[in-house]
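# Architecture at a glance
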Amino acid sequence: MGRGYIVEEAVEGYLSKLCEQQAGPITGLLIGQSSALRDFVVMATRTPLREDDATTLARNPVDKLWVTEHARQVSRMLPGGLSVLGVFLISDTDSKETLTTLRQLVFGVENLISSDCLWTPADDDITDHVTLQVNPKTRKTVCRTFDVKDPKSSAKPADWKYQSGVCASWPSVSCCLNVDLLVQLPENRTSAEDLDQCLKEGLKTWTHQINNGVCLIDGKKLTEEHELTAGQRRNQRQTYKVQLLVAAQEQSPVDLVRPSGGRVSISGAIHSRAFLYSNKPKAKLAEKLLKRDVVSTVTTRVQMVLEELLTSGQDNRHTEHLCLPRRVFCPVNGPVSVCDYQFSDEGLCEVSERLKEMLDISTTDEDLDVRQETAAELIQDDVTAEPTVDDVKAPEPRRTNYIGVVTAAAVVLLSAAASMLYLSDV
């Protein structure tokens, strides 16, 4: 037998409900956390229907591109420690073609999600991802895994076991981190797509700084093998506060004198958290998952703003005032929560709608945790003259962020709940 999957009982109930309303193949995602010995599945969510699904399904029962895009959106809503572990398919067709479809889905999902990741995979990262086929008539489940880093990987059998309270006692770690980084832009930058690539490269450099940062857990620098919950009661929920100490970014003489199409300054503060599968997790795991969440939440917000610019077709030669979203958390299972990003012109009802659409979670405004990051405040600056980076003073980073773009013609100032991004010509 291959890998083992310990699955929250609520997932069984969720899949059973989908079987009852099944009118054709249903696809979805399996979400949880991997470990060396086994994986833990804490929730499942179906692929949302498209407006044209009535005609699409007749031609193509499984829309692979739609499934992978859904996975990319969902991965942005998962705090540290949670990830898309694989896919499920509810279908009464058991054939070689079905297995091929599942293989294509799990590889497509991994390829798209990993393309957004800026960190370097660790040696202990698990590369086996799961596929689950459920027969809606017999309720028989077939669980297989594929090594998504091996293009020639074939299906391996896996053990699928339901259990209650899978994540009831999972510890969590959290921190509020000051962000202060500078990205130089090339002189020939001509479009928002170029800006996206430039920012991604700059964020990779910052990611390296984050990875080299020092973690103090409850004020102490712990060894990698230190067990966080040693001596604690097994089912007692533990929450740890972390300080992440990161060296200041150094500007090289070459960067200061070479031709440039602008520069991006990001400063402020972000809230980060991660959940740990083990009752006695080691400091090494806590540090890795929290640092990855720090990078993910900053990258996600910058990408969301750039996507808005691309979708709207805005030209950054004109003055714009936009807002980065703040991070809002929603509990889903015991201590575990997911998150969404709320723009300043949105209400919590829109957050609830996205949670329902993307994760199939029904929630109310009262269920949402908005305490970690305050709503953004838009700063109205005089943009008649070209400001320099030194002219912009970042506010005291108390969970408030800003993002601004300055070109030769104008300023784009965007306010957010985590950091200030300021782009200027030099």
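Now for a look at the structure at hand. (Residues numbered from 1 in each chain as written. Predicted model: local features only at pLDDT ≥ 70, side-chain atom pairs only at ≥ 80, totals over all residues. Heavy atoms only, no water.)

### Some details on the overall build of the protein chain
Under the convention used in this document: In DSSP terms, a helix is any run of H or I states spanning at least four residues, a strand is any run of E spanning at least two, and both are numbered starting from the N terminus. Between buried and exposed lies partly exposed: a residue is buried under 20% and exposed over 50% of the maximum accessible area for its type, with that area taken using a 1.4 Å probe on protein chains only. We call two residues contacting when some pair of their heavy atoms lies within 4.5 Å. Accessible surface area values rest on a Shrake-Rupley calculation with a 1.4 Å probe, where residue burial reflects the displayed protein chains alone.
When you go through the protein chain residue by residue, the secondary structure sums to 8 helices and 18 strands. Sorting the 426 residues of the protein chain into buried and exposed places 51% on the buried side. Relative to all contacts within the protein chain whose residues are 6 or more apart in sequence, the contacts with residues 24 or more apart total 74%. When the accessible surface of the protein chain is split by element, carbon and sulfur atoms take 48% of a total near 20,400 Å².

### Comments concerning the packing of helix α3 (residues 64-76) against helix α4 (residues 96-116)
As a reminder of what qualifies: Angular values range over 0 to 180 degrees, each being the angle between N-to-C directions of two axes fitted as lines to C-alpha atoms, with helices fitted over their stretch in contact. Here is the rule for angles: anything less than 35 degrees is roughly parallel, anything more than 145 is roughly antiparallel, 65 through 115 is roughly perpendicular, and the remaining ranges are oblique. If you view the pair so one helix is near and one far, a crossing is left-handed when the near helix is turned anticlockwise from the far one by less than a right angle, and right-handed when it is turned clockwise. Under the scheme applied, nonpolar residues are Ala, Val, Leu, Ile, Met, Phe, Trp, Tyr, Cys and Pro; charged residues are Asp, Glu, Lys and Arg; polar residues are all the others, including Gly.
Relative to each other, α3 and α4 sit at 40°, their axes nearing to 9 Å. In this view, α3 runs oblique relative to α4, as classed from their interaxial angle. Of the two elements, α3 crosses α4, and the hand of that crossing is right-handed. Each of K64, V67, T68, E69, A71, R72 and S75 in α3 lies in contact with α4, whose residues at this interface are T101, Q104, L105, G108, V109, L112, I113 and D116. Within the contact of α3 with α4, the residues separate by chemical class into 6 nonpolar, 5 polar and 4 charged.

### Observations regarding the nonpolar core
Note the following rule: Only buried Ala, Val, Leu, Ile, Met, Phe, Trp, Tyr and Cys residues count toward a nonpolar core, and they belong to the same one when joined by side-chain atoms within 4.5 Å.
Formed by 38 residues in total, the largest nonpolar core has its most connected members in V74, W170, V338, L355 and L359. Sorting the residues of this core by element identifies β2 (26-34), β3 (38-46), α3, β4 (83-90), α4, β14 (326-333), β15 (336-342) and α8 (348-359) as the ones contributing at least two each. Ranked by residue count, the leading element in this core is α4, at 6 residues. With residues near it in sequence (within four places) discarded, V338 still touches M43, M77, L78, P79, V328, F329, C330, V332, L355, L359 and I361.

### Some thoughts on α8
Owing to its 3.6 residues per turn, the α-helix brings residues three or four apart onto one side. For clarity, the cut-off: Given the number of residues in a helix, its expected span is that number minus one, multiplied by 1.5 Å. Directions from the helix axis toward the C-beta atoms define the arc.
Taking 1.5 Å of rise per residue, the 12 residues of α8 would be expected to cover 16 Å, and the 16 Å separating its terminal C-alpha atoms lies within 8% of that figure. Every buried residue of α8 is accounted for by V351, S352, L355, M358 and L359. On an axial view of α8, the arc spanned by its buried residues comes to 145°, and they lie on one face. In the core, the buried residues of α8 are packed alongside β2, β3, α3, β14 and β15. Just downstream of α8 lies D360, where phi reads positive at about 55°.

### Describing the sheet that holds strand β5 (residues 128-134)
Selection rule: Any two strands with at least two DSSP-identified bridges between them are counted as paired.
In space, the 8 strands of this open sheet follow the order β7-β6-β5-β4-β2-β3-β1-β8, with mixed pairing throughout. Here the strands that pair on one side only, and so sit at the sheet edges, are β7 (156-157) and β8 (159-163). Relative to strand β6 (residues 141-147), β5 runs antiparallel, the two sharing 7 bridges. Across the sheet, D128 pairs through a bridge with D147, a residue of β6. Together, β2, β4, β5 and β6 form the strand contacts of α4, whose direction differs from that of β4 by roughly 155°.

### So, α3
Rules: Two N or O atoms form a polar contact when they lie within 3.5 Å of each other; inside protein one atom must be a possible hydrogen donor and the other a possible acceptor, and for residues adjacent in sequence the pair counts only when both atoms belong to side chains.
Across its 13 residues, α3 extends 19 Å between first and last C-alpha, which sits within 8% of the 18 Å expected from 1.5 Å per residue. The N-terminus of α3 is capped by D63, whose side-chain oxygen sits 3.4 Å from the backbone nitrogen of L65.

### Section: the packing of aromatic side chains
Applicable threshold: Think of it this way: a Phe, Tyr or Trp ring, Trp meaning its six-membered ring, pairs with another when their centres are within 6.5 Å, and the plane angle makes it stacked under 30 degrees, edge-to-face over 60, tilted otherwise.
The final tally for this structure, using the stated rule, is 5 aromatic pairs. One aromatic cluster is present, formed by Y5, W160 and Y162 through successive ring pairs.

### Describing the pattern of salt bridges
Rule in force here: The salt bridge definition used is simple: a Lys or Arg side-chain nitrogen within 4 Å of an Asp or Glu carboxyl oxygen.
Overall, the coordinates contain 19 salt bridges when judged by the stated rule. For R354, the salt bridge identified is with D340, shortest N-O distance 2.7 Å. Highlighted residues: R354 in helix α8 and D340 in strand β15, separated in sequence by 14 residues. Its relative accessible area of 5% is what places D340 among the buried residues. A single network of salt bridges, built from pairs that share partners, joins D124, D125, K288 and R292.

### Quick look at the environment of S174
On the secondary structure map, S174 appears in strand β9 (residues 172-185). Residue classification places S174 among the buried residues on the basis of a relative accessible area of 9%. Expressed as a C-alpha distance, the spacing of S174 and D293, which sit 119 residues apart in the sequence, is 9.8 Å. When neighbours within four sequence positions are excluded, S174 is seen to be in contact with Y240, K241, V242, H271, S272, R273 and L290.

### Some points on the pairing of β4
To keep it simple, the criterion reads: Crossovers are marked right-handed if the path from the first strand over the helix to the second runs clockwise, as seen with the strands pointing away from the viewer.
In terms of residue burial, β4 counts as a mostly covered element, since 7 of its 8 residues are buried. Where β2 meets β4, 7 bridges bridge the pair, whose relative direction is antiparallel. The residue of β4 that forms the bridge with I31 is V84. Bridge analysis of β4 against β5 gives 5 bridges, and the strand direction is parallel. Within β5, the position partnered with G86 by the bridge is V130. Taken together, β4, α4 and β5 form a β-α-β motif whose crossover is right-handed.

Interpretation note: all reported values are geometric properties and have no functional meaning in isolation.
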